[in-house]
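Reading the structure
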Amino acid sequence: MVETLIISNILLWIVVVVMGVMLFALVRQIGVLYERVAPAGALMINQTLTVGGEAPSLDLQDIKGSLVTIGGVPENGSSKLLFFVSPTCPVCKTLLPVVKSATKSEKDWLDIILASDGDTYDHQGYIKEHKLESFTYISSEILGRSYGVSKLPYAVLIDEQGKIASMGIINSREHLESLFESKERGVASIQDYIKTYSAKDKDDDLSTEAQ
Amino acid sequence: MQIDPVIPLVCSLILSYVFVVASFHKWQNLDEFRETLTNYQVLPEILLGVFVFAIPAVELICGIALLVPYSLTVSAIGAGILLSMYIGAIAINLLKGRRTIDCGCGGTEQKQAISEGLILRNGVLLFFAYCLLTAVSSRELVALDWVIALLATVVGCLFYNIVNQLLVNKDLLRGLREYG
């Protein structure tokens, strides 16, 4: 009798463990689902700039000492992506490979410029550590301020006419791609897109009902 | 009141798992842990540099010492102090209304904002630490006790992870609502 109880007890424990594993898997899957469902767009928080407005025009020196013009209609007719980073921001570090791959894949129409501020010495170490020598790297406080950057990593996409095409906080590859996407589709942000899209859907429904 | 020896055994194993994993996550990314610690805004800047290394180190030492019978009492007190500190730091920030800071408990890939649920979770862990300090009835542990203790530990660790994931999910869901 006691033996039966022992066996049954251990069996029950094993069942509890298995159910625990299944419960964990389910909860994890729900978490992944929530992440996927969320619109993967870069969040716009900017009090200084507006999408469609002129990009502030600045002549600045990059870290190598050559002059770079930001804003205005560029001579080579390509768009510019200002990617704001800092050596002290851990998320920026994880995004550098993404920026590098974007440089290659979007090189036909896009110049990527890394922007930061603070001690030049820090930046040189940062460039060396992450092999950013091929980038135009600007360390300037005025740049960050005139583009209203308050949170990092932040990116601003300036189109070939020198206007702000899109901008936002960048935390993942999807966020960066959403900037390119919104330029292509001519919508300011993912929030905007969802709004107009759902409004259009409603209109369509109404017109079919009328017929 | 005396408790059965299996209970402190399970408690020590679960706490050991929790602390070793937590310490491991922190060591993996000390820069980020420094930022988390700064965000809590409970430590003066001078102590920050010390605590960035001290907290994961103490967590690791406690986690390992919990497995050794000789150091059980000391490590249980250490674990209790650590947990009380976490509860305090979270409570202060919640009272100030700073609900969006990362708790720093889930490592790099799992961001989790501080919440009352987290205090409750740490409260349960604190109770486990307390169980290690209470009087134990003298009963020889037999083989079956060990089997059950091990299985109960696995279940306990699983539940710990489930609770963490549920807290993360709650954040994610709230994020989704804000979009809508």
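Summary of the structure given here. In this text the structure is predicted, and so the values were computed from the model without any measurement. (Residues numbered from 1 in each chain as written. Chains lettered and ligands numbered in written order. Predicted model: local features only at pLDDT ≥ 70, side-chain atom pairs only at ≥ 80, totals over all residues. Heavy atoms only, no water.)

1. Some remarks on the interface of chain B and chain A
Of the residues lining the interface, 20 residues belong to chain B; the matching set on chain A comes to 25 residues. Between chain B and chain A, roughly 2000 Å² of surface is buried when both sides are summed, and carbon and sulfur atoms account for 82% of that area. One can count zero salt bridges joining chain B with chain A. At the junction of chain B with chain A, the criterion picks out two residue pairs in polar contact (both at pLDDT 80 or more). The set of elements that each furnish at least two residues to the side of chain B that touches chain A consists of α2 (30-40) and α6 (143-179) of chain B. Counting residues per element, the side of chain B that touches chain A draws most heavily on α6 of chain B, at 17 residues. Considering only residue class, the side of chain B that touches chain A consists of 14 nonpolar, three polar and three charged. (Contact = heavy atoms within 4.5 Å. Buried area = accessible area lost by both parts, 1.4 Å probe. Salt bridge = Lys/Arg side-chain N within 4 Å of Asp/Glu carboxyl O. Polar contact = N/O pair within 3.5 Å; in protein donor to acceptor, adjacent residues only side chain to side chain. Helix = DSSP H or I, 4+ residues; strand = E, 2+ residues; numbered from the N terminus. Nonpolar A, V, L, I, M, F, W, Y, C, P; charged D, E, K, R; others polar.)

2. With respect to the sheet that holds strand β4 (residues 110-116) of chain A
All names here are of chain A. Taking strand neighbours across the sheet as the criterion, the five strands line up as β5-β4-β3-β6-β7 in an open arrangement whose pairing is mixed. Each edge of the open sheet is held by one strand with a lone partner, namely β5 (136-139) and β7 (164-169). Put simply, the sheet's adjacent strands are angled 20° from each other on average, direction ignored. Where strand β3 (residues 79-84) meets strand β6 (residues 154-158), five bridges bridge the pair, whose relative direction is antiparallel. Opposite L81, over in β6, you have L157 as the bridge partner. In this fold helix α2 (residues 90-105) packs onto β3 and β4, with an angle of close to 155° to the strand it touches most, β4. Most of the contacts of helix α5 (residues 173-185) go to β7, to which it runs at about 160°, and overall it touches β3, β4, β6 and β7. (Pairing = 2+ DSSP bridges. Axes fitted to C-alpha atoms, helices over the stretch in contact; angles between N-to-C directions.)

Geometric values such as these leave the question of function open.
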